[in-house]
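Examining the three-dimensional arrangement
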Amino acid sequence: MDTIQLDPAKAKSFETLHAFLQACLVKAMERGKPQLVSIAAESSLLDPLAVLESIYEDQQQHFYIEKKRDDLAIAGAEAAISYSPSGASRFKSAKAWIEETLENAIAVGDPSLPFFGPHFFCGFSFFDEVSSKVPFPSSSLFVPRWQVVSTKGRCVAIANATIGLGDDVEAVAKRIWNANTKFRSFDYSEEECSSKKDGIRILETKERGGDDAFQVAVGNALKQIKVGEFEKIVLARALELKADQPFHPLEILNTLRERYEDCFAFSIANGKGQSFIGASPERLVSVFKGRVNVDALAGTAPRGKTASEDARFGAGLLDSEKDRREHRIVYDSICRRLESLDLSVESLCCPSLKKLQNVQHLFVDVEAELADGIHLLDLVAELHPTPAVGGTPREAAVPRIQEHERFERGLYAGPIGWINSKGEGEFLVGIRSALVDGENACLYAGVGVVEGSVPEREHLETNLKFQALKENLL
Ligand SMILES: C=C(O[C@@H]1C=C(C(=O)O)C=C[C@H]1O)C(=O)O
């Protein structure tokens with residue numbers, strides 16, 4: 001990637017921008033490849049979700065991720081470039097595409113700005129392949145035309161565009177100029193935002209596969225565990241809801257980010273009217289400043305209505321042999337997989353409680369130092385799916401999931417995240433999530449099944465997990 005340090009004060013005119021893009025076109029011709037130009041500028045403090053909402057169009061691709069606790073919110077919309085590899089080598093192909101794109105990228109602005117340079121937004125389905133019924137491909141990667149990030153009191157707006165032979169430089173310059181002017185003095189009142197609809201009603205709720213399907217599946221999986229086919233499998237339910245008017249994914253997200261401060265509130269839209277949204281408590285992996293962090297999250301208890309009931313549930317979870325075993329399987333697998341990439345794990349398995357609004361989990365932040373030559377997508381490829389959403393041994397358990405579940409997972413429990421030009425970034429696990437499509441929503445919730453699991457109790461646990469989305473859709 002070429003970096004052009006630019007003092008915004010000296011590059012304030014449209015003519016400067018136009019001349020610069022013209023020079024990028026010359027470079028594209030010399031290199032024989034279109035160039036990705038990424039222009040970053042600090043802006044007044046904006047709320048990325050409000051910006052996304054005010055320009056929201058359901059026929060535009062978008063990506064949103066926010067974790068209130070970390071004071072980080074990122075929104076991006078409209079694809080400047082995109083890529084959708086599928087199959088077993090999809091992570092490898094995605095990495096190669098990112099690397100090649102960066103070889104032909106020009107980043108402009110102050111490199112010390114947070115989120116300087118192009119960012120790649122990624123949504124991967126749970127399985128390597130999806131059928132044509134799933135509205136998202138097995139991988140969607142894109143660099144958005146515009147992006148707004150707010151973190152720790154600073155806000156950065158980024159415009160991305162590709163310039164190649166035959167492109168209309170004048171038109172690209174105008175688009176970037178207009179976007180920059182807009183972000184510099186964004187006025188939410190200018191836009192016609194639809195306000196949250198009152199009285200949205202659910203007309204129909206239907207469980208995929210029928211009401212008993214899940215408990216039957218857990219029972220069958222327990223038999224397979226008993227004969228030693230595998231030790232753990234994660235099975236999920238899909239609940240279809242039909243409302244009397246369309247759901248609005250970004251309004252739901254606004255509630256989720258406030259209520260689930262410790263979670264990643266996210267939305268990924270395919271530009272064809274469907275969005276996959278959620279509030280995930282689980283980070284698959286992050287890489288920042290040479291450090292790798294992975295969540296080992298498993299084992300669930302309800303939240304109590306009083307402090308003492310809550311503490312009792314929490315202590316019960318910490319003491320539960322079955323839940324500790326379920327969690328240990330996840331922790332051990334993460335450690336093995338990090339070690340297979342020559343990373344040495346620095347965290348012991350001493351679970352604490354991660355308390356969310358609706359449930360509490362056993363949790364360990366697994367840390368390691370990044371080794372040279374390991375890309376974030378190498379980590380994603382190695383770790384996904386952890387036994388928190390797949391099973392163990394992976395080769396025996398994961399292929400069985402589709403035999404037990406009566407729906408296609410699509411993006412549910414898949415890796416969703418972003419990568420910057422330095423190879424840093426963060427992926428969450430797409431759980432506590434729903435696929436929203438007009439007045440239809442499909443909610444997902446799963447549980448780990450191990451020896452000692454009881455189908456009825458697992459069913460109750462999925463009901464608790466559904467709450468995150470169910471209560472906030474309306
Ligand atoms: C699979 C899900 O959650 C996972 C399963 C858990 C469990 O079985 O206790 C806990 C946290 C998550 O790792 C889900 O929410 O859909």
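A short tour of the structure in this document, coming up. (Residues numbered from 1 in each chain as written. Predicted model: local features only at pLDDT ≥ 70, side-chain atom pairs only at ≥ 80, totals over all residues. Heavy atoms only, no water.)

1. Quick look at the site of the ligand
To keep it simple, the criterion reads: If even one non-hydrogen atom of a residue comes within 4 Å of a molecule or strand, that residue is called near it. N or O atoms closer than or at 3.5 Å make up a polar contact, with two conditions inside protein: a donor-capable atom paired with an acceptor-capable one, and, for residues adjacent in sequence, both atoms drawn from side chains. In this description, accessible areas are obtained by the Shrake-Rupley approach with a 1.4 Å probe, and a residue is regarded as covered only by the protein chains that are shown.
With respect to spatial proximity, 18 residues lie near the ligand, and among them Glu 282, Thr 300, Tyr 412, Arg 432 and Gly 446 are the closest. The backbone of Leu 297 places a nitrogen or oxygen atom 3.0 Å from an oxygen atom of the ligand. One nitrogen or oxygen atom from the main chain of Gly 299 is found 2.9 Å from an oxygen atom belonging to the ligand. Within the complex, the protein chains bury 100% of what would otherwise be the 400 Å² of accessible surface of the ligand.

2. Overview of the pattern of salt bridges
To keep it simple, the criterion reads: When a carboxyl oxygen of Asp or Glu lies within 4 Å of a side-chain nitrogen of Lys or Arg, that pair is called a salt bridge. Helical segments are the DSSP runs of H or I of at least four residues, strand segments are the runs of E of at least two, and each set is numbered from the N terminus. Whether a residue is buried, partly exposed or exposed follows from its accessible area with a 1.4 Å probe, protein chains only, as a fraction of its type maximum: under 20%, in between, or over 50%, in that order.
All chains considered together, the criterion is met by 37 salt bridges. Here Lys 33 ties to Glu 100 by a salt bridge, and the two come within 3.7 Å at their closest N and O atoms. One end of the pair, Lys 33, is in the loop between helix H1 (14-31) and strand S2 (35-42); the other, Glu 100, is in helix H3 (residues 90-103), with 67 residues separating them in the sequence. Residue Glu 100 is classed as partly exposed on the basis of its relative accessible area of 40%. Each of Asp 47, Glu 66, Lys 68, Arg 257 and Glu 258 takes part in salt bridges that share partners, so that together they form one network.

3. Notes on the state of the cysteines
Selection rule: In this description, the term disulfide denotes a pair of cysteine sulfurs within 2.5 Å.
Inspection of every chain in the model, using the stated rule, returns zero disulfides. Cysteine Cys 335 shares no disulfide, and the gap to the nearest cysteine sulfur, in Cys 349, comes to 7.5 Å.

4. Thoughts on the environment of Ser 352
For clarity, the threshold we go by: In this analysis, two residues are considered to be in contact whenever any of their non-hydrogen atoms come within 4.5 Å of each other.
With respect to the helices, strands and loops of the structure, Ser 352 is situated in strand S15 (residues 352-355). For Ser 352, a relative accessible area of 35% puts it in the partly exposed group. Between the C-alpha atom of Ser 352 and that of Asp 365, which follows or precedes it by 13 residues, the distance is 9.4 Å. With sequence-adjacent residues up to four places away left out, Ser 352 is seen in contact with His 361, Leu 362 and Phe 363.

5. Focus: unusual backbone geometry
The linkage connecting His 384 with the following residue, Pro 385, adopts the cis geometry, with an omega of -10°. Along the chain, Pro 385 turns up in the loop between helix H9 (376-383) and strand S17 (391-392). Each neighbour pair has its own omega, and for Thr 392 with Pro 393 the value is -10°, a cis peptide bond. Look at Phe 115: it is not a glycine, yet its phi comes out positive at around 65°. By the secondary structure assignment, Phe 115 is in the loop between strand S5 (105-109) and strand S6 (120-124). The backbone phi angle of Asp 342 is positive, close to 65°, even though this residue is not glycine. Summarising the element assignment, Asp 342 is placed in the loop between helix H8 (321-340) and S15.

6. Side note on the nonpolar core
The line we're drawing: Put simply, a nonpolar core is a bunch of buried Ala, Val, Leu, Ile, Met, Phe, Trp, Tyr and Cys residues held in one set by side-chain atoms that sit within 4.5 Å of each other. These domain boundaries are the output of an automatic or database domain assignment.
Grouped together as the largest cluster of nonpolar side chains are 89 residues, with contacts concentrated most on Phe 276, Val 285, Leu 379 and Phe 427. Sorting elements by how many residues they give to this core places helix H5 (residues 213-226) first, with six residues. Summarising the domain contributions, this core has at least three residues from each of domain 1 (2-189) and domain 2 (202-470). Residues contacting Leu 379, with those up to four places away along its chain left out, are Val 285, Val 287, Val 292, Leu 338, Leu 341, Leu 343, Leu 370 and Ile 374. Ala 157, Ala 243, Ala 265 and Leu 473 belong to the second largest nonpolar core, which has 41 residues in total.

7. A look at the environment of Phe 264
Examined against the element boundaries, Phe 264 turns out to sit in strand S11 (residues 264-270). As a C-alpha pair, Phe 264 and Gly 278 span 14 residues in sequence and 7.8 Å in three-dimensional space. Setting aside residues up to four positions removed in sequence, Phe 264 forms contacts with Ile 65, Glu 66, Lys 67, Gly 278, Ala 279, Ser 280, Glu 282, Arg 283, Glu 426 and Leu 428.

8. Here we look at empty space enclosed by the protein
Worth spelling out the cut-off: Only protein atoms enter the 1 Å grid, on which a cavity is a set of points fitting a 1.4 Å probe that cannot get out and a pocket is an open set with protein on both sides within 12 Å along at least 5 of 7 lines, lining residues being those with an atom within 4 Å of a point. Grid points are joined across faces, edges and corners, and a volume is the space filled by probe spheres set on the points. Throughout this entry, Asp, Glu, Lys and Arg are counted as charged residues, while Ala, Val, Leu, Ile, Met, Phe, Trp, Tyr, Cys and Pro are counted as nonpolar. The remaining residues, Gly among them, count as polar.
All told, the structure shown has six cavities of 30 Å³ or more when counted by the stated rule. The volume enclosed by the largest cavity comes to roughly 200 Å³. In terms of lining residues, the largest cavity is bounded by 21 residues, among which Ala 388, Arg 432, Gly 446, Val 447 and Lys 465 are the most central. Of all the elements in the fold, those that place two or more residues in the lining of the largest cavity are strand S10 (232-243), strand S14 (291-302), strand S21 (440-449) and helix H11 (455-470). For the lining of the largest cavity, the leading source of residues is S21, giving five residues. In terms of residue class, the lining of the largest cavity is built from 10 nonpolar, five polar and six charged.

Read these as layout, nothing more, since geometry by itself doesn't imply function.
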